[in-house]
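Spelled out, the chains give:
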Amino acid sequence: MRSSTLSRIFRRTALAAALGTLAAGLTAVPSLAASAAAGTLQQVTDFGSNPGNLAMYEYAPADLPASAPLVVALHGCTQSASDYHAHSGWQKFADQWGFAVVYPQTSTANNSLSCFSWFDSTKDTRGKGEAASVMQMVATAAAQYGSDRSRIFVTGLSAGGGMTADLLADYPDVFAGGAVDSGIPAQCATTQTAASGCQYGSQNLTPRQWGDKVRNSYPGYTGSWPRVAIWQGSSDTTVTPVNGTELRDQWTDVWGIGQTASSTRNLTGGTTESIYADSSGKPAVALFSVSGMAHGLAVDPGPGADQCGTTGTYYLDYICSSYHTAKFWGLDGAGGSNSLPAPSGVAVTGTTDTGASLSWNAVSGAASYDVYRDGTKAGSTTGTSYTDTGLSAGTSYSYTVAAVDATGAAGAPSAPVTATTTGSTPKCYTDNNYNQVKAGRAHQIGGYAYADGSGQNMGLYNVAVVHTLKETSPGYFVIADAGC
């Protein structure tokens, strides 16, 4: 959130020191092969080009089953991945219900209070900055754990909640659901100067205007929308309660349902749950209003089945929000979407320079099929074949297929198949950064060299730094020091 505003609210020298101590105890994992020590929080240091300059941490129980869900959890300002893991309660339910958790972490290098940049359109939109880095983490973890691509979820607190809303709008083809805790509606602000207006007051927009902010985040998207849980304290003076109402308006409009609750009930901790169901009667949006709660994540320490977490700065003792969020998503197995079996016989039937064709066997009860390319939904079809287009020549892509029932619930993903488009083999060039720029494969800004196309930072612009660049498509280069 806005640094100049939050600096008066969140600056806690003691907390910063405590978070530094927690972070010092984490294990750095240089590669996926080294990250197999399940049951501990670990850092993954190689997950992509990382345009948003984030750090990746992950947790998985030792007995994680195949095709398990994946949850992405984003911390709030002045917090860290280890802090959020220790307090939020997600570890308890990952162990109990069998799913992996990815914790993105920002730092003071990005924001003076270590806030995710939910208010910066160069960092929180599809394919850019921090949002793109989170997607690289999702792809890395999903490949590592063999995650169910139809059950990937995202949650976050405060600035992490604002970024969660943005990610749900940017990538509805990736996330099956989300939870915004004490956060901001998607794309409420597109500049830092506008951030405080979102935090402290109503934007006076109609539900349709709020919904348009989501629809405009991924123009042309026609797939299913994520199911969204919203948590808001009634006494929050940092992110005022109107944000919960605006989030409700935004996501009910996206779903095409009204703003009148289908049902309400009282929960522990002075919490009121309001459910907004879709046309099939299944909850699409849930608003949890916590009476008297200030700014923070609702936790409820204790051994009970519906208790979790520990208290601390911005971890407030009211109700275990992680438990109710996980239940809303169906992670307890009671309402999961993994009812249809995985399609069998998935095969590549043909490739061109720019396309790949697939076919598979029909699944009983399937109304349609979702096709995923490299972990991201490429399209849907009602038949048992699909042709993907707009691909790069001479490039390999991994595909999976999931059956979708009449309610829109996707089943288990198929085993992956690889399709390699035809065309010339990518060329590689090994040289120092000065010569790479001179040859037109890179450019320099501020004394640093950047690969053309991908924009990857190659280091100092001089003859002492050498890299191998691979041209994956005309004029598009990526660093390929590990081999071409």
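As a starting point, this report considers the structure included with it.

Calculation notes
- Residues numbered from 1 in each chain as written.
- Predicted model: local features only at pLDDT ≥ 70, side-chain atom pairs only at ≥ 80, totals over all residues.
- Heavy atoms only, no water.
- Helix = DSSP H or I, 4+ residues; strand = E, 2+ residues; numbered from the N terminus.
- Buried < 20%, exposed > 50% of the residue type's maximum accessible area, 1.4 Å probe, protein only.
- Areas by Shrake-Rupley, 256 points an atom, 1.4 Å probe, with all protein chains shown as cover.
- Pairing = 2+ DSSP bridges.
- Axes fitted to C-alpha atoms, helices over the stretch in contact; angles between N-to-C directions.
- Disulfide = S-S within 2.5 Å.
- Expected span 1.5 Å × (residues − 1).
- Parallel < 35°, antiparallel > 145°, perpendicular 65-115°, else oblique.
- Contact = heavy atoms within 4.5 Å.
- Arc of directions from axis to C-beta.
- Left-handed = near helix turned anticlockwise from the far one by under 90°.
- Nonpolar A, V, L, I, M, F, W, Y, C, P; charged D, E, K, R; others polar.
- Salt bridge = Lys/Arg side-chain N within 4 Å of Asp/Glu carboxyl O.
- 1 Å grid on protein atoms, 1.4 Å probe; cavity = no way out; pocket = protein on both sides within 12 Å on 5 of 7 lines; lining within 4 Å.
- Points joined across faces, edges and corners; volume = space filled by probe spheres on them.

1. So, the overall build of the chain
Turning to step 1, where the next piece is worked out: Broken down by element type, the chain carries 11 helices and 27 strands.
Turning to step 2, where the next piece is worked out: Going through the 484 residues of the chain one by one, you find that 54% of them count as buried.
Turning to step 3, where the next piece is worked out: Carbon together with sulfur atoms contributes 50% to the accessible area of the chain, which is approximately 18400 Å² in total.

2. Observations regarding the sheet that holds strand 15 (residues 356-359)
Turning to step 1, where the next piece is worked out: Pairing is antiparallel across the open sheet formed by three strands, whose spatial order is 14-15-18. Strands at the two margins of the open sheet, each flanked by one partner only, are strand 14 (347-351) and strand 18 (385-388). Pairwise comparison of adjacent strand axes, ignoring direction, gives a mean angle of 20 degrees for this sheet.
Turning to step 2, where the next piece is worked out: Across four bridges, the pairing between strand 15 and strand 18 is antiparallel. In the sheet register, S359 faces strand 18, and the bridge partner there is S385.

3. Some details on the state of the cysteines
Turning to step 1, where the next piece is worked out: With the rule as written, the count across this model stands at three disulfides.
Turning to step 2, where the next piece is worked out: The disulfide that involves C188 links it to C198, with 2.1 Å between the sulfurs. The chirality of the disulfide connecting C188 with C198 is left-handed, given an S-S dihedral of about -105 degrees. With C188 in the loop between strand 7 (177-181) and helix 7 (195-200) and C198 in helix 7, the pair connects residues that are 10 residues apart, well separated along the chain.
Turning to step 3, where the next piece is worked out: Note on C198: relative accessible area 1%, which makes it buried.

4. Section: the environment of T238
Turning to step 1, where the next piece is worked out: Residue position: T238 is located in the loop between strand 8 (227-233) and helix 9 (242-255).
Turning to step 2, where the next piece is worked out: When its relative accessible area of 6% is taken as the criterion, T238 is described as buried.
Turning to step 3, where the next piece is worked out: Taking the C-alpha atoms as reference, T238 lies 8.8 Å from S182; in sequence the two are 56 residues apart.

5. Side note on unusual backbone geometry
A negative phi angle characterises most non-glycine residues, just as the trans form characterises most peptide bonds.
Turning to step 1, where the next piece is worked out: The backbone of Q187 shows a phi angle near 55 degrees, a positive value even though the residue is not glycine.
Turning to step 2, where the next piece is worked out: By secondary structure assignment, the location of Q187 is in the loop between strand 7 and helix 7.
Turning to step 3, where the next piece is worked out: In this model, Y314 sits at a positive phi of 70 degrees, which is unusual for a non-glycine residue.
Turning to step 4, where the next piece is worked out: In this fold, Y314 is placed in the loop between strand 12 (297-299) and strand 13 (315-317).
Turning to step 5, where the next piece is worked out: The exposure class assigned to Y314 is buried, which follows from its relative accessible area of 12%.

6. Remarks on helix 5 (residues 129-145)
Turning to step 1, where the next piece is worked out: If you check helix 5, its first and last C-alpha atoms are 25 Å apart, about what 17 residues at 1.5 Å a residue would give, namely 24 Å.
Turning to step 2, where the next piece is worked out: Counting buried residues in helix 5 gives 14 out of 17 residues, a clear majority hidden from the surface.

7. Describing the packing of helix 5 against helix 6 (residues 159-170)
Turning to step 1, where the next piece is worked out: Direction vectors running N to C along helix 5 and helix 6 enclose 75 degrees, while the axes themselves pass 11 Å from each other. Taken together, the axes of helix 5 and helix 6 lie roughly perpendicular to each other. Along the contact surface, helix 5 presents E130, A131, V134 and M135, while helix 6 presents M163, L167 and D170.

8. Examining helix 4 (residues 90-97)
Turning to step 1, where the next piece is worked out: Residues of helix 4 that are buried include every one of W90, F93 and A94, and no others. The buried side chains of helix 4 occupy one side of the element, clustering within an arc of 105 degrees when seen end-on.
Turning to step 2, where the next piece is worked out: Looking at the buried side of helix 4, the elements it contacts are strand 3 (55-59), strand 4 (70-74), helix 3 (81-88), strand 5 (100-105), strand 6 (152-157) and helix 10 (321-329).
Turning to step 3, where the next piece is worked out: A positive backbone phi angle near 75 degrees is found at G98, which sits one or two residues after helix 4.

9. Some details on the packing of helix 8 (residues 207-215) against helix 9
Turning to step 1, where the next piece is worked out: Orientation of helix 8 relative to helix 9, taken along the N-to-C sense of each, is 70 degrees, at an axis distance of 7 Å. Judged by the angle between their axes, helix 8 and helix 9 are roughly perpendicular. Of the two possible hands of crossing, helix 8 and helix 9 adopt the one that is right-handed. Residues P207, R208, W210, G211, K213, V214 and R215 of helix 8 lie in contact with helix 9, whose contacting residues are E246, D249, Q250, W251, D253 and V254.
Turning to step 2, where the next piece is worked out: Class assignment of the residues belonging to the contact of helix 8 with helix 9 gives a composition of five nonpolar, two polar and six charged.

10. A closer look at the sheet that holds strand 23 (residues 442-445)
Turning to step 1, where the next piece is worked out: Ordered by their spatial adjacency, three strands build an open sheet running 23-24-25, and the pairing between neighbours is antiparallel. Each having just a single partner strand, strand 23 and strand 25 (457-460) make up the two edges of the open sheet. The average undirected angle you get between the axes of adjacent strands in this sheet is 30 degrees.
Turning to step 2, where the next piece is worked out: Pairing between strand 23 and strand 24 (residues 448-451): four bridges, direction antiparallel. Residue pairing across strands places H443 opposite Y450, the latter belonging to strand 24.

11. Comments concerning the pattern of salt bridges
Close approach of charged atoms allows side chains of opposite charge to pair.
Turning to step 1, where the next piece is worked out: Following the criterion strictly, the structure yields 11 salt bridges and no others.
Turning to step 2, where the next piece is worked out: Measuring nitrogen to oxygen at the nearest pair gives 2.9 Å for the salt bridge that ties D148 to R151. Summarising the burial analysis for this pair, D148 and R151 share the class buried.
Turning to step 3, where the next piece is worked out: We note a salt bridge from D388 to R373, for which the minimum N-O separation is 2.6 Å. Remark: R373 occurs in strand 16 (residues 368-373) and D388 occurs in strand 18; sequence separation between them is 15 residues.
Turning to step 4, where the next piece is worked out: Using a relative accessible area of 3% as the deciding quantity, one classes D388 as buried.
Turning to step 5, where the next piece is worked out: Among the ionic contacts, a cluster of salt bridges with common partners joins R208, D212, R215 and D253.

12. Quick notes on the layout of surface pockets
Turning to step 1, where the next piece is worked out: Considering only enclosed or pocket space, the largest pocket measures out at about 1400 Å³ in volume.
Turning to step 2, where the next piece is worked out: As for the largest pocket, its lining consists of 32 residues, and the residues nearest its centre are S49, Q136, D374, Y397 and Y476.
Turning to step 3, where the next piece is worked out: In terms of residue count, helix 5 provides more of the lining of the largest pocket than any other element does, five residues in total.
Turning to step 4, where the next piece is worked out: Along the lines of polarity and charge, the residues of the lining of the largest pocket split into 12 nonpolar, 14 polar and six charged.

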